[in-house]
Amino acid sequence: MTTIERFILDQEEKYPEATGELSNLLYDIALAAKIIAASIRRAGLVNILGSAGATNVQGEEQQKLDLFANATLTNALNHTGRVCVMASEEDEMLIPVPDNYPVGKYVVLYDPLDGSSNIDVNGAVGTIFSIYRRVSLEGHGALADVLQAGCKQVAAGYVIYGSSTMLVYTTGQGVAGFTLDPSIGEFLLSHPKLVTPRVGKYYSVNESNFARWQKGTQWAVRGLHGDRPEEIKGKNSRYIGSLVADFHRNLIAGGIFLYPSDSRNPDGKLRLLYECSPMAFIAEQAGGSATDGTRRILDIMPDHLHQRTPLVIGSREDVGYVADTLRSLQQDRA
Ligand code: AHM
Ligand code: MG
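To start, this report covers the structure provided alongside it. The model shown is predicted, which means the values in this text are computed figures rather than measured ones. (Residues numbered from 1 in each chain as written. Chains lettered and ligands numbered in written order. Predicted model: local features only at pLDDT ≥ 70, side-chain atom pairs only at ≥ 80, totals over all residues. Heavy atoms only, no water.)

## Considering the sheet that holds strand β5 (residues 106-114)
Link 1 in the chain: What the eight strands build is an open sheet, ordered β4-β3-β5-β6-β7-β8-β9-β10; its pairing is mixed. Among the strands making up the open sheet, the edge pair consists of β4 (95-96) and β10 (186-191).
Link 2 in the chain: Sheet topology note: the strand β3 (residues 83-88)/β5 ladder contains five bridges and is parallel. Paired with S88 across the two strands is Y110, which belongs to β5.
Link 3 in the chain: Relative to strand β6 (residues 125-133), helix α7 (residues 272-285) is tilted by about 80°, and along the sheet it contacts β3, β5, β6, β7 (155-161), β8 (165-170) and β9 (175-181). (Pairing = 2+ DSSP bridges. Helix = DSSP H or I, 4+ residues; strand = E, 2+ residues; numbered from the N terminus. Contact = heavy atoms within 4.5 Å. Axes fitted to C-alpha atoms, helices over the stretch in contact; angles between N-to-C directions.)

As structure tokens, this is what we get:
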């Protein structure tokens with residue numbers, strides 16, 4: 001039985017220059033995940049469900065658990081001396097480390113409760129996190145620390161609060177998955193090396209947007225349906241509407257997730273820093289890939305905190321098929 005602490009420590013021992021700060025940061029996040037998981041499990045009991053009546057910076061209604069998850073992560077990180085600045089999907093501005101606490105060399109970004117529309121129907125939700133090394137030289141962190149390309153991440157992961165709670169993360173040495181044993185309150189190593197199939201079984205996309213997609217996207221998704229068997233074998237459709245849950249299923253079973261641009265959301269819906277970059281890092285480390293249609297997600301240099309991007313992510317050959325289809329249709333029109 002390997003606990004997450006032991007696994008992280010074993011990994012750290014491979015790097016004599018490691019100071020242990022990143023390991024401790026990962027424990028901090030694992031602790032926050034346990035607190036959030038406990039609260040989600042009790043959601044129906046403690047009447048924590050439902051809207052808090054406020055809207056977040058994206059204009060979406062916040063729910064009580066969103067606020068709780070956001071505060072839990074912030075409070076787990078802000079006093080440790082390991083972080084110089086944070087940013088959350090739920091906060092408009094950077095989250096500074098309070099003046100009376102020490103600052104450290106890492107930057108943490110998070111989507112505290114992804115897929116929150118699933119809360120009221122007892123569906124799976126998740127937490128996504130992304131860690132960078134600071135680029136500013138001293139003092140409290142600045143915007144430049146947060147606006148880094150995804151390829152600069154030192155770690156990324158997600159927690160899925162599903163039929164069990166799992167934490168999946170990478171530090172660039174492959175992807176490992178841990179399952180929370182609620183009887184002892186520990187994350188135990190359950191998936192030592194997650195590798196995603198090169199070709200997937202599933203495609204996941206919100207097809208109610210079909211009429212609003214560009215021709216290339218429509219063409220590619222028809223291929224995923226099985227309409228063009230000479231190009232690609234048709235797949236099964238699965239869509240929960242919770243990126244973490246849809247991504248996790250496809251990571252394990254093989255598949256492709258798309259949130260393309262459409263006429264209502266010209267830049268797609270998902271956020272580069274809190275959702276797409278961390279998931280892209282995990283996908284690549286598991287042997288998959290992620291693109292916005294033309295660029296590798298990890299190469300996109302963000303210019304603002306809440307930037308959105310189209311996302312095509314998952315099994316390498318399937319992502320390649322969609323990217324090729326989009327490219328060839330663009331060339332035809334040019
Ligand atoms: P959230 O972070 O506000 O919960 O929104 C992101 C979610 C993703 O988890 C999911 O993939 C997507 O929004 C679903 O959007 P849609 O309902 O348009 O299909
Ligand atoms: Mg989200």
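## Considerations on the sheet that holds strand β11 (residues 202-204)
Link 1 in the chain: The five strands are arranged β12-β11-β13-β15-β14 in an open sheet whose pairing can be described as mixed. In this open sheet, the two strands that pair with only one neighbour each are β12 (236-237) and β14 (289-291).
Link 2 in the chain: With three bridges joining them, β11 and strand β13 (residues 255-259) adopt parallel strand pairing. Of the residues in β13, the one forming a bridge with S204 is F257.
Link 3 in the chain: Along the sheet, α7 makes contact with β14 and β15 (311-314), crossing β15 at roughly 30°.

## Quick notes on the side chain of S130
Link 1 in the chain: Within the secondary structure, S130 sits in strand β6.
Link 2 in the chain: Here S130 falls in the buried class, since its relative accessible area comes to 0%.
Link 3 in the chain: A polar contact is formed between the side chain of S130 and the side chain of Q153, at a distance of 2.8 Å.
Link 4 in the chain: Ignoring any residue separated from it by four or fewer positions in sequence, one finds S130 in contact with V107, V108, L109, Q153, A155, A156, L273 and P278. (Buried < 20%, exposed > 50% of the residue type's maximum accessible area, 1.4 Å probe, protein only. Polar contact = N/O pair within 3.5 Å; in protein donor to acceptor, adjacent residues only side chain to side chain.)

## So, the nonpolar core
Link 1 in the chain: Counting residues in each nonpolar core, the largest one holds 41 residues, and the members touching the most others are V108, L113, I131 and Y161.
Link 2 in the chain: Looking at which element gives the most residues to this core, the answer is helix α2 (residues 21-41), with eleven residues.
Link 3 in the chain: The contact partners of V108, leaving out residues within four places of it in the chain, are L25, I29, L77, V83, V85, M86, A87, S130 and I131.
Link 4 in the chain: One finds A156, F257, A280 and I297 within the second-largest nonpolar core, a separate group that totals 31 residues. (Core = buried A, V, L, I, M, F, W, Y, C linked by side-chain atoms within 4.5 Å.)

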